[in-house]
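Structural features, examined
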Amino acid sequence: MRTFNFYAPTALDEALELLRKTDGGRPIAGGTDLVVQMKEAATKFPHPSSIISLLLIPELNGIEFDESTGLRIGATSTMSDIADSADIREHYPSIAEGAGIVGSIQTMNMATVGGNLCNGAPSADTAPPFLVHDAEFVITGPNGRRSLPADEFFVGPGETALAPNELLVEVRVPAPADRSGSAYVRHTPRKQMDIAVVGVAAAVTLTNDDRIENIRIALGAVAPTPVRATKTETFLSGQPASDESFAEAAETAAAECNPISDVRGSAEFRRHLVGTLTKRMLERAANRARGG
Amino acid sequence: MAQETKTRDKAGDSEYTAVGKPTIRIEGVGKVTGQTKFADDLTFPHMLHAKVLGSPHAHARVKSVDTADARQHPGVEAVIAAADLPAYKMNPSNRRGVIFAVDEVLFQGQPIAAVLASDPHVAEEALALIKVEYEPLTAVTDPISAMEDGSPLVRSAISDVDRSEEKGHVTIDVEQEEAEGAPSNIASKINFSRGDVEAGFAEADCVVEQTWRSAMVHQSYIEPHATIADFDNSGELSVWTSTQAPFYVRDELCQTLGIHESKIRVTATEVGGGFGGKIFLTELITAALAIVVKRPVKYIMSRKEDMLAATPAPFAQVELKTGMKADGTLVALKARLIYDSGAFPGAPVMPGCLFVGGYYKCPNLHIEGFEVLTNKVSVGALRAPGAHNATHAIESHMDIMARELGLDPLEARMKNAVEEGDPLPSGQPYPRIGLKDCLRAISESDVWKRRREVEGQANRGVGVAIGGWIGGLQPASAIVGLNGDGTIDVTVGSADISGTNTSFQQIAAEVLNVPLSSVNVTTGDTKTAPYAGMSAGSKTTYTVGKAVKLAAEDAKRQMLDIAAQRFEASPDELSVADGKVHLDGDDDKVLTFARLGKMTTNFGARFAPVVGRGTMSTRKSAPGFSAQAAEVEIDPDTGAITVLGYAIVQDAGFAINPLSVEGQMQGGASQGLGIALSEEMKFDEEGRLLNANLLDYRLPTTRDLPPIETIIVEVPSEEGPYGARIIGEPSIVPGGATIANAVADAIGVRVTDIPITPERVLRALGKL
Ligand SMILES: Cc1cc2nc3c(=O)[nH]c(=O)nc-3n(C[C@H](O)[C@H](O)[C@H](O)COP(=O)(O)OP(=O)(O)OC[C@H]3O[C@@H](n4cnc5c(N)ncnc54)[C@H](O)[C@@H]3O)c2cc1C
């Protein structure tokens, strides 16, 4: 690692000001992505001259839930905070599942949700859950505040819709309707300390006669960004929540995704996993929607 | 000869008071509480940090190295490339005899130049300012096609191949046909033959022919390579380094740098994991840099450098054909083994050839081995180097043949297993060994007994395999001294990488009949410690332990002599107990060790100090065997493999410290599971490593490992202390085959490559 300056502002304005003043300064939260990248810097990654910690800024922290307005997760909430939150476990189980498998206990105690999303990895484990829960990302920067739906936030590998010197403030997630359930799973070669070869999240709302009223499916690590499986969603809308429709949805999802081959798995293998895991997550989400 | 076998009961009851008892490792508390000082914890006045620039290409001509800009970088003290070093006695055919690439780089990560600065971050920044002009050459990456006539060449021809390091791991007289001076990528060949192999196949009722591959894997010790060197004005070179082999480091430095062994002091710092990979690597470059700047220089490899440019274990392809008669008799074995050596010779193809045909009596065999060069990092030892690759093949065959013939896989093994007197493929007869005892014990393990229950359950399976290791041999010595307060000091020259110093403490306490707390063991540096071989080849307890026993016996003799003079008795009438020398039958005639200590160290003392000396050398190895069993469950839709249970049996000869022995068994089994399931260094077609980190190079984590049942059997060796035999290495050998057999049992098809990844399982199942 090379030398750099370190700042720890205690107010959001101060952080924005530091980002502006320190040309090439970079926000840091838990550092579990950034520090690794800085260590490997030499060629791949422009080594920041300054890093600005977000951890002492109260406005970026905290998790609140309200039955009518939904959930607010501050950007510097850690994966442990999220995975341990009773409200999130109850109303947004896929988000708890995504946060609860990041690295190891040590990683989860450091890693923040803001870092996970802003790092822009196609494999980020909280991204598919937020996509299926129609999350909104609240952003602030030199030109004021704005808000973006989750599926407009991810732009490419390592790239997000954040403009230079913008910060993610919080994630807002609407309250789920009755008879809703969600689930997230990933395939990794190891049982912990790993990165998704494929991640699949699903959220369903069922009618009283067990038809699919609302459906979201999101896939991680099979495209340059986390993506929704929109064709599969369209296919499933209005279908009965049955084995047959889930099996067909699995095939549709496998067909519509477009993974690449790399050191973590071949495109063929990923496509197969998308099918298998989509089916499993639909079943799990539907069960939860039924109160199971 | 009748063999005595017993499965050690955990309480360790025996006729002994110290050896054979579970004993907490001396250095354990420091390691788990963070107090141990590793090489990187040491710092010296005026010390500089070295950062090394490695080649981005696997094969290229180095046209120029321009260090001018890097030298100008503020804070940089020196930038050193090949041209800045004196003309040392380099050996371009020997990885250990090369510092920087000169005209040609042969693997990605090969050192080109180094920057020295007081601040390591400054040194790292300056690396980017070194300008190297490369002319890329064809990178030869596949050892199989590299063997063909007309393949592009990996490098200029090799000569003067030095196999001393390999001999430290396995010591046996076998001729290796060196392809020296020839324009070929085949560095060496080995050939073993016995009987008439074709006639053997004609006799067989079941013939199986299959090609098996095992990936290149990395030792992945927690602590990367770490060395500090200092060259002072008197011409003495001091080296503190994370090595298993302090005397070997000294000898190698002497050879290349031309400094007398008596002028080199090598201190083996506490090793944060070695597994065969910490023999000699960063010492030469660090010493050479320190000699240039005449200041202490510290070089700590980053994880990435260590993954790219240390000495991992080879990829191997084993083409095996075996034949068995309906009654389970193995009648013929034909094998061709190809080991990828990387850019320098040193692949353990010889042990591979020995073990592919060395576990079972087989009247007809023909084994050919090839050590092939490629433009990859050159390989070294990893715990029983070369054995797991060959074992994966032969132990898979034993299972397939038994299954086809309707035989019990353990009985088929038992029927053919080698015993004392049976020849290795090279012709040498085995000494007394405990292979059959291991097979008997594994049949009693909980995992193997579950086989009946698991049978018939879809996607569940149980598998078994064996493995062994011969071990290395080197002379050893030890000193045991009596201090003025009656405590005992043991001094050895072997690095303690596996709890050996604790075993030495037990041995000395046993001989002198004192509590463990009275015995202190020190690993000295190469100037103060008595000579010991490298802590590799599982030989440390077997050889140095023997020397400690002899030294303690010598010290005891000296103490008895003094007491005899004092009591005007004969030494035969004396004995030691509770830290005292007693005259038998006379309770008043007692001399405490503390008194004896004073009598031999005080001003004007009448007696000379008690200094026991033990030296040993043997040509007799004490091979160790292990049998292992696994229960697995496969998810047929994702290919995921869960290891539900694992059992390991090992013949320890005599477990001086059963706790350490079990630790070695569990550690080796865990590494074997990594090799079986997830560890693989992957290269692209240009020879660049795709996973130079511990995320995409996957060691098993605690959650990936099953509970491991350990069963020690004890078939005493002929020469080891109290019958101890080699311990450290056999445990890693059978893992790949054990899992392969369990997976085949679960899904009914064979995955022929290890690691057996989910993707390979799905392919074998025809789902991809
Ligand atoms: C051992 C280990 C295991 C891991 N396992 C997983 C895993 O299982 N799943 C997974 O998805 N990831 C994993 N990761 C990656 C990483 O832990 C997560 O992505 C984590 O959530 C990143 O959060 P952080 O707070 O550490 O981010 P940092 O490293 O601090 O920052 C990451 C990036 O986001 C930017 N950033 C951070 N916060 C903000 C903000 N509020 N506004 C704007 N930009 C911001 C930073 O500038 C940086 O570019 C692992 C990492 C390690 C080291």
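Going by the structure above, here's the rest.
Residues numbered from 1 in each chain as written. Chains lettered and ligands numbered in written order. Predicted model: local features only at pLDDT ≥ 70, side-chain atom pairs only at ≥ 80, totals over all residues. Heavy atoms only, no water.

Describing the sheet that holds strand β2 (residues 26-28) of chain A
Residues and elements named next belong to chain A. The strand order across the open sheet formed by 3 strands is β1-β3-β2, and the pairing between neighbours is parallel. The outermost strands of the open sheet, each flanked by one partner alone, are β1 (5-7) and β2. Mean inter-strand twist for the sheet, computed between neighbouring axes without regard to direction, equals 30 degrees. Across 3 bridges, β1 lies against strand β3 (residues 50-53) in parallel orientation. If you follow F6 over to β3, its bridge partner there is I51. (Pairing = 2+ DSSP bridges. Helix = DSSP H or I, 4+ residues; strand = E, 2+ residues; numbered from the N terminus. Axes fitted to C-alpha atoms, helices over the stretch in contact; angles between N-to-C directions.)

Some remarks on the environment of C353(B)
All names here are of chain B. For C353, the position within the fold is in helix α10 (residues 349-356). Between the C-alpha atoms of C353 and R336, which are 17 residues apart in sequence, the distance is 8.5 Å. Apart from residues no more than four positions distant in its own chain, C353 is found in contact with I190, F192, L337, I367, E368, G369 and P425. (Contact = heavy atoms within 4.5 Å.)

Remarks on the pairing of strand β27 (residues 708-713) of chain B
Across the 6 residues that make up β27(B), a large majority, 5, are buried. Considered for its hand, the β-α-β crossover made up of strand β26 (residues 641-651) of chain B, helix α19 (residues 658-677) of chain B and β27(B) is right-handed. (Buried < 20%, exposed > 50% of the residue type's maximum accessible area, 1.4 Å probe, protein only. Right-handed = clockwise from strand over helix to strand, strands pointing away.)

Description of unusual backbone geometry
Residues and elements named next belong to chain B. Backbone torsion omega between I754 and P755 reads 5 degrees, so that peptide bond is classified as cis. Secondary-structure assignment places P755 in the loop between β28 (753-754) and α21 (758-764). Non-glycine residue S538 carries a positive phi angle of around 55 degrees. Summarising the element assignment, S538 is placed in the loop between β20 (519-523) and α17 (540-567). A relative accessible area of 14% means that S538 is categorised as buried.

Concerning the sheet that holds strand β19 (residues 488-492) of chain B
Adjacent strands of a sheet form backbone hydrogen bonds with each other and so pair up, either parallel or antiparallel. Residues and elements named next belong to chain B. With respect to topology, 4 strands assemble into an open sheet ordered β20-β19-β18-β24, the strand pairing being mixed. Since the sheet does not close on itself, it has two edges, and those belong to β20 and β24 (611-616), each with one partner. Taken over all neighbouring pairs, the strand axes of this sheet differ in orientation by 20 degrees on average, direction set aside. By the bridge criterion, 6 bridges tie strand β18 (residues 476-482) to β24 in an arrangement that is antiparallel. Residue pairing in the sheet places A478 in a bridge with G614 of β24. Its contacts with the sheet put helix α16 (residues 500-512) on β18, β19 and β20, and the angle it makes with β20 is roughly 140 degrees.

Topic: the site of the ligand
All names here are of chain A. Around the ligand, a shell composed of 34 residues is seen, among which P27, T32, D33, T112 and D125 lie nearest. One nitrogen or oxygen atom from the side chain of R26 is found 2.9 Å from an oxygen atom belonging to the ligand. Between a nitrogen atom of the ligand and a side-chain N or O atom of D125, the distance comes to 2.6 Å. When the free accessible area of the ligand is taken as 970 Å², the share hidden by the protein chains comes to 91%. When residues of the shell around the ligand are traced back to their parent elements, those giving at least two are β2, α8 (113-118) and β10 (167-173). Among the elements that make up the shell around the ligand, the one with the highest residue count is α8 (4 residues). (Near = heavy atom within 4 Å. Polar contact = N/O pair within 3.5 Å; in protein donor to acceptor, adjacent residues only side chain to side chain. Areas by Shrake-Rupley, 256 points an atom, 1.4 Å probe, with all protein chains shown as cover.)

Examining the packing of helix α11 (residues 387-405) of chain B against helix α20 (residues 735-747) of chain B
All names here are of chain B. Running from N to C, α11 and α20 point in directions that differ by 35 degrees, and their axes come no closer than 8 Å. For the pair α11 and α20, the sense of crossing is right-handed. When α11 is examined against α20, the residues T391, H392, E395, S396, D399 and R403 are found in contact with a partner set consisting of G736, A737, A740, N741 and D745. In terms of residue class, the contact of α11 with α20 is made up of 2 nonpolar, 5 polar and 4 charged. (Left-handed = near helix turned anticlockwise from the far one by under 90°. Nonpolar A, V, L, I, M, F, W, Y, C, P; charged D, E, K, R; others polar.)

Remarks on the interface of chain A and chain B
With 23 residues of chain A in contact, the opposing surface of chain B contributes 30 residues. When the buried area of chain A at its contact with chain B is split by residue, R190(A), K191(A) and V263(A) rank highest and sum to 28% of it. The interface formed by chain A and chain B contains 5 salt bridges. Linking R280(A) and D635(B) is a salt bridge whose minimum nitrogen-to-oxygen distance equals 2.9 Å. Scanning the region where chain A abuts chain B turns up 14 residue pairs in polar contact (both at pLDDT 80 or more). At 7 residues, the largest contribution of residues to the side of chain A that touches chain B is made by helix α13 (residues 267-289) of chain A. Partitioning the side of chain A that touches chain B into residue classes produces 8 nonpolar, 7 polar and 8 charged. (Buried area = accessible area lost by both parts, 1.4 Å probe. Salt bridge = Lys/Arg side-chain N within 4 Å of Asp/Glu carboxyl O.)

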